[in-house]
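Residues per chain are reported as follows:
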Amino acid sequence: MLAKSWKKILLFVLIIACLFNVINKLVHKASMEQEVKASVQYMQEQNKK
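The structure presented is a predicted model; accordingly, all values stated were derived computationally and were not measured.

**Student:** Is there a simple way to explain a nonpolar patch on the surface in this structure?
**Tutor:** Taken together, the side chains of I9, L11, F12, V13, L14, I15, I16, L19, I23 and V27 define a hydrophobic patch exposed on the protein surface, amounting to about 960 Å² of accessible area. Within the element layout of this structure, I16 appears in helix α1 (residues 6-27). Judged by its relative accessible area of 42%, I16 falls in the partly exposed class.

And the structure:
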């Protein structure tokens, strides 16, 4: 049974892994505003030095 359906099982696991990866990135995505503020703050600190 397993020998005949290993491709389907691996494809299913691959799809689940991809969905988990996409959802994880969406949940932990930093907003563009936060990224810009952090960049501006870093540049200001570098200019002061």
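**Student:** What is the right way to look at the environment of A17 in this model?
**Tutor:** Looking at where A17 falls in the secondary structure, it is placed in helix α1. Judged by relative accessible area, A17 falls into the partly exposed class, the value being 44%. Residues A17 and V40, 23 residues apart in the sequence, show an inter-C-alpha distance of 36 Å.

**Student:** How should the environment of I15 be read in this particular structure?
**Tutor:** Relative to the helices and strands, I15 is located in helix α1. Each C-alpha atom of the pair I15 and E33 lies 32 Å from the other, and the pair is 18 residues apart in sequence.

So, how was this worked out
Residues numbered from 1 in each chain as written. Predicted model: local features only at pLDDT ≥ 70, side-chain atom pairs only at ≥ 80, totals over all residues. Heavy atoms only, no water. Patch = residues over 30% accessible without salt bridge, like charges linked within 9 Å, V, L, I, M, F, W, Y side chains within 5 Å. Areas by Shrake-Rupley, 256 points an atom, 1.4 Å probe, with all protein chains shown as cover. Salt bridge = Lys/Arg side-chain N within 4 Å of Asp/Glu carboxyl O. Helix = DSSP H or I, 4+ residues; strand = E, 2+ residues; numbered from the N terminus. Buried < 20%, exposed > 50% of the residue type's maximum accessible area, 1.4 Å probe, protein only.

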